[in-house]
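Structure assessment
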Amino acid sequence: MSRGAAGLAALAVAGSLTAACQVTPFGDDDPGSSGPPPEGAVSGPAGPTTAGDDYVPGDGNGGYDVQHYALKLKITPDGPRQLDGTATITALATERLARFNLDLTGLDVSSITVDGAPARQQRGGSELEVTPAKPLEKGAKFTTVVQYAGTPRPVTDSTLGKYGWIRTPDGVFVACQPSGAHTWFPSNDHPSDKATFDFEITVPPGLTAIANGEPETPPADTGGGGLPPNLPGSPPNPPGTPPTESPGSGLPSVEPVSLTADTTSRWHVKAPMATYLATVDVGRFGVRTGRTPSGVPVITAVDQSLMTVNIDRFHKLNSDVTEEWTRLFGPYPFSSTGGLIDNADVGFALEAQTRPVYGAFGLQPTIVAHELAHQWFGDSVSVTKWQDIWLNEGFATYAEWLWEEKSGGRTVKEQFDERYRSAGARELWDVPPGNPGRKQMFGRSVYDRGGMTLVALRDKVGEDVFYKILQTWTKERRHAGGTTPQFIATANKVSGKSLDGFFNDWLYEQGRPSR
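These numbers come from a predicted model, not from an experiment.

Some thoughts on the overall build of the protein chain
A count of helices and strands for the protein chain gives ten helices and 24 strands. Taken across its 515 residues, the protein chain has 59% of its residues classed as buried. Restricting to contacts in the protein chain with at least 6 residues of sequence separation, those with at least 24 account for 75%. Taken as a whole, the protein chain presents about 18800 Å² of accessible surface, with 50% of it coming from carbon and sulfur.

Here it is, written out as structure tokens:
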């Protein structure tokens, strides 16, 4: 995730672009129940009610592994309740369960079934306890269907601002990290449990819904975007460069907007995705579709009211950055790429899987480079505990510096040297990025010192070996999770060196490491 908006100029000097979505409890929900009480199940074994991650206490659950979320959503931004949903959750029991928990905050649940039979619910804080009609045996595959409704509430934090489910002038913008997914759908809300997704989204006349993955409907590029600005940091198109758009090429695109009736679109996410990376965005968007030069489908959208953002420039930038990172980091891990800029009053961007989302601060090429790098580092290879968030943000910050260098700005070495000279920067040197603590998990050290760790590693092992380390990491951990010790082991194996002391100095010790 990156922070944009008003602080960009200061952040360019002071440090990296930082922000995050963090959900704090809204208080206990009303207890309730649905269906007849199951008999003989309440006293049986229950799965853990948390993933056990101290950085996000209470988030996630245990006893099962979600395989797939199918979310059927009716979103009415101006309605008395903005969301009516049905979540069909397919999971595998990893232990015998008489009951299990889902994460859900602030929404009303009208019914729950497990394998077609009514189940009982109990609510407390952000926990939804589900008691099926009969216990689930270890190894059993089971399906839970939750019908729910309400208006998801955005979260306001004194440091991070507002995030989560955000109303825009014409719709909704959704972006939450690390644990905001359960404000709009019931889930096992922790990145250690990734799953595939299907979305079926119905919106009022005149509006478009865009989510992760690819839609079912035929391609239909639409108008949108403003006057082409002179964007700093965006490499110019070489003379004769063909456009990335391919109208009529058979690429998936968004459902054509109906001005007289509700519009329903269906989106499919084929690769496992962490819950915080799921997004649905509703509004009046200009849309472009196409392919990168190597053939990856690109879907780009811009809110039509943002007249300073040129959609064609943004579309090409998504293609160019994806292509460059494929060359450096390994094959693109997903079935499409792109991005969405919405008229949302937030100062951050989020690396939503396949389609990063950006607030109304406009088009900043280095932020696009940062968020698209996350498709490899954070989305495909995800953290299994938030302590290791530098594996996401440090890598994306390094990529951000690379793109600035490629675009004729400061070099990566200049970025490193500028920060290294800040000997008294306590937020950089007093906070070890490998274990920054809950309050600093999205602080400057995780981004800047994390990125500097990679620059120092590149200097230590040489550029060819360095990129072989990164490509090995993204290949071996593709669509899975990773930890810092596992990354260090990969670096040792690929380089043939013992780098434990180097990483300890850069990631776990206080003070400025020696060069």
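After that view of the structure, there is still more to cover.
Some words on the confidence of the model for the protein chain
Across the protein chain, pLDDT averages 87, with 83% of residues at or above 70. The low-confidence segment residues 5-41, where pLDDT is below 50, has 106 contacts with residues more than four positions distant or belonging to other chains.

A few points about the sheet that holds strand E6 (residues 117-118)
Taken together, eight strands build an open sheet; the order of strands is E6-E5-E9-E3-E2-E13-E16-E15 and the sheet is mixed. Looking at which strands have only one partner, the edges of the open sheet turn out to be E6 and strand E15 (214-215). Judged from the ten bridges that link them, strand E3 (residues 83-93) and strand E9 (residues 141-150) form a sheet pairing that is antiparallel. Residue Leu92 lies in a different strand from E9, and its bridge partner there is Lys141.

Looking at helix H8 (residues 463-476)
Across its 14 residues, H8 extends 20 Å between first and last C-alpha, which sits within 8% of the 20 Å expected from 1.5 Å per residue. Those residues of H8 lying buried are Phe466, Tyr467, Ile469, Leu470, Thr472, Trp473 and Thr474. Tucked inside the fold, the buried residues of H8 contact helix H2 (311-329), strand E23 (381-383), helix H4 (390-406), helix H7 (444-461), strand E24 (480-482) and helix H9 (484-495).

Things to note about the pairing of strand E2 (residues 64-75)
Bridge count between E2 and E3: eleven bridges; the pairing is antiparallel. Each residue of the ladder has a partner; that of Asp65, found in E3, is Leu92. With seven bridges joining them, E2 and strand E13 (residues 195-203) adopt parallel strand pairing. In the strand pairing of E13, Leu71 is matched with Phe199.

As for the sheet that holds strand E4 (residues 100-103)
Read across the sheet, three strands follow the order E4-E8-E7 without closing on themselves; strand pairing throughout is antiparallel. Whereas interior strands pair on both sides, the edge strands pair on one side only; in this sheet they are E4 and strand E7 (120-124). Averaged over neighbouring strand pairs, the angle between their axes works out to 25 degrees when direction is ignored. Pairing analysis gives four bridges linking E4 to strand E8 (residues 127-131), with the strands arranged antiparallel. Bridging from a neighbouring strand, Asn101 pairs with Glu129 of E8.

Description of the nonpolar core
Ranked by internal contacts, the top residues of the largest apolar core, which has 138 residues, are Ile75, Trp184, Phe199, Val280, Trp325, Phe329 and Phe487. By residue number, the principal contributor to this core is H4, which donates nine residues. Built from parts of two domains, this core gets at least three residues from each of domain 1 (64-224 + 261-380) and domain 2 (391-508). Sequence-distant contacts of Phe487, defined by excluding residues within four places in its chain, comprise Trp390, Leu391, Phe395, Leu454, Leu457, Ile469, Leu470, Trp473 and Phe503.

Quick look at the pattern of salt bridges
Under the defined criterion, the tally for this structure stands at 19 salt bridges. Salt-bridge contacts for Asp320 lead to Lys316; the nearest nitrogen and oxygen are separated by 2.5 Å. Residue Asp320 and its partner Lys316 are located together in helix H2, separated by four residues, close to a single helical turn. The salt bridge involving Glu418 is made with Arg419; its shortest N-O contact spans 3.9 Å. By relative accessible area, which is 23% here, Glu418 ends up partly exposed. Each of Glu404, Arg410, Glu418, Arg419, Glu427, Arg444 and Asp448 takes part in a single network of salt bridges with overlapping partners.

Focus: the packing of aromatic side chains
Applying the stated rule across the entire model yields 32 aromatic pairs. When the centroid spacing of 6.0 Å and the interplanar angle of 85 degrees are considered together, the rings of Tyr332 and Phe334 count as edge-to-face. Across from the ring centre of Tyr420, 4.4 Å away, lies the NZ or CZ of Arg512, which sits over that ring. In this structure, Arg515 packs its charged tip against the face of Tyr420, placed 4.9 Å from the ring centre.

Overview of helix H3 (residues 365-373)
Buried residues dominate H3, accounting for nine of its nine residues. Among all positions in H3, only Pro365, Thr366, Ile367, Val368, Ala369, His370, Glu371, Leu372 and Ala373 are buried.

Remarks on the side chain of Glu351
One can find Glu351 in the loop between strand E21 (348-350) and strand E22 (357-358). Of the buried charged residues, Glu351 lacks a salt bridge, with Lys194 as the closest side chain of opposite charge at 11 Å. Setting aside its immediate chain neighbours within four residues, Glu351 contacts Met1, Gln177, Tyr276, Leu277, Pro356, Glu371, His374, Gln375, Asp379 and Glu393.

Regarding the environment of Gly52
Here Gly52 shows up in the loop between helix H1 (8-14) and E2. It is 8.9 Å that separates the C-alpha atoms of Gly52 and Gly62, two residues lying ten residues apart in sequence.

Some thoughts on the packing of H2 against H3
One way to put it is that H2 packs onto H3 with a least axis distance of 10 Å and a crossing angle of 50 degrees. Taken together, the axis directions place H2 and H3 in an arrangement best described as oblique. Considering only the axes of H2 and H3, their crossing is right-handed. For the pair H2 and H3, the contacting residues are Phe314, Leu317, Asn318, Val321, Thr322, Trp325 and Phe329 in the first and Pro365, Val368, Ala369, Leu372 and Ala373 in the second. Looking at the contact of H2 with H3, its residues break down into ten nonpolar, two polar and no charged.

How each quantity is defined
Residues numbered from 1 in each chain as written. Predicted model: local features only at pLDDT ≥ 70, side-chain atom pairs only at ≥ 80, totals over all residues. Heavy atoms only, no water. Helix = DSSP H or I, 4+ residues; strand = E, 2+ residues; numbered from the N terminus. Buried < 20%, exposed > 50% of the residue type's maximum accessible area, 1.4 Å probe, protein only. Contact = heavy atoms within 4.5 Å. Areas by Shrake-Rupley, 256 points an atom, 1.4 Å probe, with all protein chains shown as cover. pLDDT = per-residue confidence, 0-100. Pairing = 2+ DSSP bridges. Expected span 1.5 Å × (residues − 1). Axes fitted to C-alpha atoms, helices over the stretch in contact; angles between N-to-C directions. Core = buried A, V, L, I, M, F, W, Y, C linked by side-chain atoms within 4.5 Å. Domains from an automatic or database assignment. Salt bridge = Lys/Arg side-chain N within 4 Å of Asp/Glu carboxyl O. Phe/Tyr/Trp six-rings, centres within 6.5 Å; stacked < 30°, edge-to-face > 60°. Lys NZ or Arg CZ within 6 Å of the ring centre and 35° of its normal. Lys, Arg positive; Asp, Glu negative; His and termini not counted. Parallel < 35°, antiparallel > 145°, perpendicular 65-115°, else oblique. Left-handed = near helix turned anticlockwise from the far one by under 90°. Nonpolar A, V, L, I, M, F, W, Y, C, P; charged D, E, K, R; others polar.

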